[in-house]
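A closer look at the structure
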Amino acid sequence: MGHHLPVQRHLRETSQVRRAYFLEFVLNSTRSYTPGWDCHGLPIENKALKDLGVDSTALLPTALRLAARETALREIVVQKHEFQQFGIMADWHDDASTYRTLDHDYEMRQLEIFQSMVEKGLIYRKYRPVHYSPSSHSALAEAELVYKEDHVSHSVYVTFDVDLKSNPDLQQFGVPMQLLVWTTTPWTLTANMGIAVNDDLTYLIVKRLERDGPLLVIAKSRLEALVDILGPVNVVSELDGRKLVGTCYVPMFTQKDETFQVIHAPHVTSESGTGLVHCAPAHGAEDYNAFRSLSLDSMLCHVNHLGQFSDDVRAVVGETAAASLIGQPVLEGGSRAVVELLKVKGALVKIKRIKHKYPYDWRTNEPIIVTATSQWFANLNELKDTAIERLSTVRFVPEISRNRLESFVRSRSEWCISRQRVWGVPIPALHHVSTDHAVLNTETLTHIISVLRKKGLEHWWDGPVEDFLPPHLLPEKESWRKGTDTMDVWFDSGSSWSLLPPRSKYRADVCVEGSDQHRGWFQSQLLTCVGVGEPSAPYGCLLTHGMVLDEAGKKMSKSLGNVISPVTVVLGGENNKKDPAYGADVLRLWVASVEYTRDVSVGPKVLAQTAESLRKLRNSARFLLGTVGEFPSIEVDRTTDMGEELKTHLENMDMADKYVLHQTATLEKMAYEDYQSFNFPRVVNSLVNFANITLSSLYLDINKDSLYANASDHPGRQATVAVMRYALKTMIKVAAPILPHLTQEIYQSMYPASDSSVFLDFPWSSPDMRVAEMVADATVHFDELLRIRSGVLALLEKARRNKEIKSSLEAEVDVIIPSGDDVQGPASLTTQQEFLQKLFIVSNVLVTDEGSFGTESPAWLYSGSVDIDIKDCDESVGLRVRPSSRLKCPRCWTYTCEEARDVCERCEETLDRRHGGV
């Protein structure tokens, strides 16, 4: 089923694929659903390379872009076919009714949004540490990371020699001294440029008792935790952290006569490590920010775009040591090689294997690094206050998701929008060859976008640089090159709001995605929209769903073998017993029935239960279709006022007819409200309960006798048929957005000559509650009658278990009301004896009081009582079930014949009306 409730494969659908079929008809408007696909980025590149069976280094960028484009277009065709099988309604055959981020018009709108943000001073280029994926060979944004709790690192405790002359407070001890540092990334030690302490912490100078050596500086609060690292120690002295600031130390890797300083950094805590933190500003955001706050802008970085040690490390570690590092992946062999160098230098105190939380590339599932590169950023400090204000008018479903999105927006100061990918929308910057200075302004962008609009995006990669140089740069065309960075795919999908025309409020009514998109699409749409100065948020409502888990509550993954494909659910698998073909409606019914705002489980048992629910709905509809006879033509039905038609039958309706009318109108009203509020599980629950309980277990059951035995023109039967028609039409109207195939099949059975659709002829509008209002008073005490019925059914079941009866028609029921003139409520039951006979499905009902019973003893008897409240009178009603005192009618099977005869009086009358024919 994938990891998301939206159906996905290699492309992420950026529109409401998961819920679109609900919104289209629920709101009774001209809102349209436009399917869309994100087509750029690493997943498509990887799929193209896999299909070709080559590595990215074996293809020219032009060839890889062509292959990626073909892959994306091919997958879109596959997905379109699948979506049609799922019953997702859109104009799949008209390219103008779908969008793809590789479409020329889409790319041009995206570049115009980018230009607008550049002109507002929101886009800049900076050399700074970023999340970088060696497996993807690209920078990543925070939204593209997943954090694994079980990552294993080989952390090291290392020492740095103190330059005692730099600190008189330390020099007074007159012996060598070292700073003890712990790090989980040994490979960053070649880029060390400082050691951070916290002014507010207290530090100790200690001497190890089990070995000779320099004194060590550690945080006082870490002393106990470091016993297994250092062994027993003697505390020589203690001092405040601020007295360590400014102390010089000798870097362990250097080919120069230089020292670095101890600095203060607020991110240093006593929760782990030693209380002293190794700082490599090229490889950590906190280190970088700490150095920036001190106006220290220089950085050492020895890592290349492959995540390997580069030749630059030679200048720090020397020729001999560099031979073991250059070309080694820093997370693998490079880290181990650094540890070996530490041993040689005598700086290694201990290696400790730890399991901890660590960021991974969400696409390749490989660990990332933090390293300094030149990247393009969007300044979010200038946007986030406005973005938060825009969200105040947005409706969130569930409401708690508002806090999640707002917290993510508040926590970001910048957005790394550049990627080192081949397949994507370029960041159209011009770079000076000798200085790498990038030019990106209104003049260059206006010129470049005008060229790309005429010649297409590929021309950026294939065309000569002079085509993109504005007139004032043309004379020095040899000095310029085109940038090779592409835009973050979240910028691609985040531009999708621009497809929709401007409106007085928001452009999109609803955006639907998984909970992970608070870091992704929900946020990128908002930021780009605010970035260009739109007056409102891009959407009016954000609907967030959870993830799909297997029946054991585990995340679906190919490695666990627990992935359920939506296609398999619909069409079946290779083993039909294991993976039966349920059809699209079962998939849709399951999707609509779950509490989608949380993670949900699915598996064979769940799908089988859903299929059973659909079967019961279908059976109820089949019974109604077989009972109500022919419908008028759809042309006539369209002009029929259902309320007025039902009113003509009102005087011939019994309490059950009126009760079901009221329940049907209530179902339509609740469904309308629940669809509006996206409460799909309650729609399904209301629909299933109505079909299974109100209809199948009650109304259809008690009316079988009337439908089979009464004449077709019998007023009571005609009233029941009218109610059933109303119920059927309401059921398919409520079910249609969820079960389009079943409801269209029912529609075709109702109107076989029609070539129209259930969606066109049963549109949603505010429910007409006239039907409910005209029967409301008549059904006010029906629930109490159902309580009496439950009591009777329980007694009938006892008789059946004891083999006194096979059919409930073999029994009669006495309803015993209290005696006395003051008993007004239950006494009204005496007027309902004939109806109670129908309600209980027995051959006779006698409503009487205790004093009216004779002395005759039946062959068997089961009795009980039920507390009821009728007309504000709390009373207990007695119940007795006994064998019928009359004979069975061979036609209707009720025991209503006073003496042996061909048929009962009712059937005789019916047959006479048919001129004697049975």
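Structure first, text after, so check above.
All figures in this text were calculated on a predicted structure; none of them were measured in a lab. Every chain is numbered on its own, with residues counted from 1 as its sequence reads. Thresholds applied to this predicted model are a pLDDT of at least 70 for local features of residues and 80 or more for the giving and counting of side-chain atom pairs; totals over whole chains, interfaces and linings are not thresholded and use all residues. Just so you know, side-chain values use all the structure's heavy atoms and leave hydrogens and water out.

Comment: elements are numbered from the N terminus, with helices defined as DSSP H or I runs of at least four residues and strands as E runs of at least two. Position of Thr896 among the secondary structure elements: in strand β32 (residues 895–897). Once residues lying within four places of it in the same chain are set aside, the contact partners of Thr896 are Ser843, Arg886, Leu887, Cys889 and Cys904. Here, two residues are considered to be in contact whenever any of their heavy atoms come within 4.5 Å of each other.

Once that is clear, we can look at the sheet that holds strand β16 (residues 395–397). Think of it this way: DSSP has to see at least two bridges between two strands before they count as a pair. Across the sheet, three strands lie side by side as β16-β24-β23; this open sheet has parallel pairing. Pairing within the sheet leaves two strands with one partner each, and these edge strands are β16 and β23 (508–514). Direction aside, neighbouring strands of the sheet carry axes that sit 15° apart on average. Sheet strands touched by helix α12 (residues 401–411): β16 and β24 (539–545). Its angle to β16, the strand with the most contacts, is close to 115°. Orientation is described by lines fitted to C-alpha atoms, with helices fitted over the stretch in contact, and by angles between N-to-C directions that extend from 0 to 180 degrees.

A few words on the packing of aromatic side chains. Each Phe, Tyr or Trp ring (for Trp, its six-membered ring) is paired with any other whose centre lies within 6.5 Å, and the angle between the two planes then decides the class: stacked below 30 degrees, edge-to-face above 60, tilted in between. Under the defined criterion, the tally for this structure stands at 26 aromatic pairs. Taking 5.6 Å as the distance between ring centres and 80° as the angle between the ring planes, the aromatic pair formed by Tyr675 and Trp764 counts as edge-to-face. Within this pair, whereas Tyr675 is found in helix α22 (residues 655–676), its partner Trp764 is found in the loop between α27 (758–761) and α28 (770–775), the two being separated by 89 residues in sequence. For every residue, the accessible area (1.4 Å probe, protein chains only) is compared with the maximum for its type, and the residue is labelled buried under 20%, exposed over 50%, or partly exposed between those bounds. Classification of Tyr675 as buried rests on a relative accessible area of 1%. Under the relative-accessibility criterion, Trp764 is labelled buried at 2%. Among the aromatic residues, those joined into a cluster by ring pairs are Tyr596, Tyr672, Tyr675, Phe678, Phe680 and Trp764. Consider the ring centre and the ring normal. A charge sits over the ring if Lys NZ or Arg CZ is within 6 Å of that centre and within 35 degrees of that normal. The lysine or arginine in question, Arg725, covers the ring of Phe631, its NZ or CZ lying 5.3 Å from the ring centre. Taking the ring centre of Trp893 as reference, the NZ or CZ of Lys888 above it sits at 4.9 Å.

Read from one edge to the other, the open sheet built from three strands follows the order β20-β19-β21, with strand pairing classed as antiparallel. Edge positions in the sheet fall to β20 (438–439) and β21 (480–482), since each of these pairs with one other strand and no more. As defined by bridge partners, strand β19 (residues 430–432) adjoins β20 across two bridges and the pair is classed as antiparallel. Looking at the pairing, Leu430 lines up with Val439 of β20.

Quick look at α12 now. Every buried residue belonging to α12 is among Ser401, Arg402, Leu405, Glu406 and Val409, and all of these are buried. Angularly, the buried residues of α12 cover 130° about the axis, an arc narrow enough to put them on a single face. Turned more than 90 degrees from where α12 packs its buried face, Asn403 and Ser411 sit exposed. Turning to α12, the residues buried within the fold contact α11 (384–391), β16, α16 (521–531) and β24. As used here, the arc is the angular range of directions from the helix axis to the C-beta atoms.

With that settled, consider the packing of helix α23 (residues 680–702) against helix α29 (residues 782–801). Interhelical geometry of α23 versus α29 gives an angle of 90° and a closest axis separation of 14 Å. By the criterion of interaxial angle, the relationship of α23 to α29 is roughly perpendicular. Residue-level inspection shows Ser697, Leu698, Asp701 and Ile702 of α23 in contact with α29, the latter providing Phe782, Leu786 and Arg789. Of the residues belonging to the contact of α23 with α29, the class tally is four nonpolar, one polar and two charged. In what follows, roughly perpendicular refers to angles from 65 to 115 degrees, roughly parallel to angles under 35, roughly antiparallel to angles over 145, and oblique to any angle outside these ranges. We call Asp, Glu, Lys and Arg charged. Ala, Val, Leu, Ile, Met, Phe, Trp, Tyr, Cys and Pro are nonpolar, and the rest, Gly among them, are polar.

On to the packing of helix α4 (residues 104–119) against helix α13 (residues 442–455). Where α4 contacts α13, the two axes come as close as 10 Å, and the packing angle between them is 175°. Taken as axis vectors, α4 and α13 run roughly antiparallel relative to one another. Touching His104, Met108, Leu111, Glu112, Phe114, Gln115, Val118 and Glu119 of α4 are Thr442, Leu445, Thr446, Ile449, Leu452 and Arg453, all from α13. Split into classes, the residues belonging to the contact of α4 with α13 amount to seven nonpolar, four polar and three charged.

As for its placement among the helices and strands, Gln178 is situated in strand β6 (residues 177–183). With relative accessibility at 13%, the residue Gln178 sits in the buried group. Contacts described as polar in this section are N or O atom pairs within 3.5 Å, which, within protein, must combine one atom able to donate a hydrogen with one able to accept it, while residues neighboring in sequence count only if both atoms come from side chains. Looking at Gln178, its side chain comes within polar contact range of the side chain of Thr159, at 3.4 Å. With sequence-adjacent residues up to four places away left out, Gln178 is seen in contact with Thr159, Phe160, Asp161, Val162, Pro214, Leu215, Leu216 and Val217.

Here the focus is the pairing of strand β15 (residues 369–379). Among the eleven residues that make up β15, nine are buried, leaving the element largely enclosed by the rest of the structure. Where strand β3 (residues 123–133) meets β15, ten bridges bridge the pair, whose relative direction is antiparallel. By the bridge assignment, Lys126 is partnered in β15 with Gln375. The pairing of β15 with strand β17 (residues 414–416) spans three bridges and is antiparallel. Across the sheet, the residue bridging to Asn379 is Glu414, located in β17.

Before going further, it helps to examine the nonpolar core. Side chains of a nonpolar character, in soluble globular proteins, are inclined to be buried together. By size, the foremost hydrophobic cluster in this structure holds 127 residues, and its most contacted members are Leu695, Phe782, Leu785, Val815, Leu829, Leu839 and Phe840. Beyond its immediate chain neighbours, meaning those up to four positions away, Val815 contacts Leu829, Leu836, Phe840, Val845, Leu846, Val847, Thr848, Val877, Gly878 and Leu879. With 61 residues, the next largest nonpolar core counts Leu189, Leu244, Ala265 and Ala322 among its residues. Within this scheme, the nonpolar core is defined by two criteria: the residues are buried Ala, Val, Leu, Ile, Met, Phe, Trp, Tyr or Cys, and they are joined through side-chain atoms within 4.5 Å.

So, about the pattern of salt bridges. Note on definitions: salt bridges are taken to be side-chain nitrogens of Lys or Arg within 4 Å of carboxyl oxygens of Asp or Glu. Inspection of the entire model under this criterion finds 49 salt bridges. Across the salt bridge formed by Glu612 and Arg615, the nearest N and O atoms sit 2.5 Å from each other. Of this pair, Glu612 and Arg615 are both found in helix α19 (residues 604–628), three residues apart, which corresponds to roughly one turn of the helix. Take Glu612: its relative accessible area is 31%, and that puts it in the partly exposed class. Between Glu644 and Lys647 there is a salt bridge, with its nearest N and O atoms 3.7 Å apart.

Okay, the pairing of strand β27 (residues 811–817) next. Summarising burial for β27: seven of the seven residues are buried, a large majority. Neither face of β27 is exposed, since Ala811, Val813, Val815 and Ile817 on one face and Glu812, Asp814 and Ile816 on the opposite face are all buried. In this structure, β27 lies alongside strand β28 (residues 844–849), joined through six bridges in parallel fashion. Note that in β28 the partner of Val813 across the bridge is Val845.

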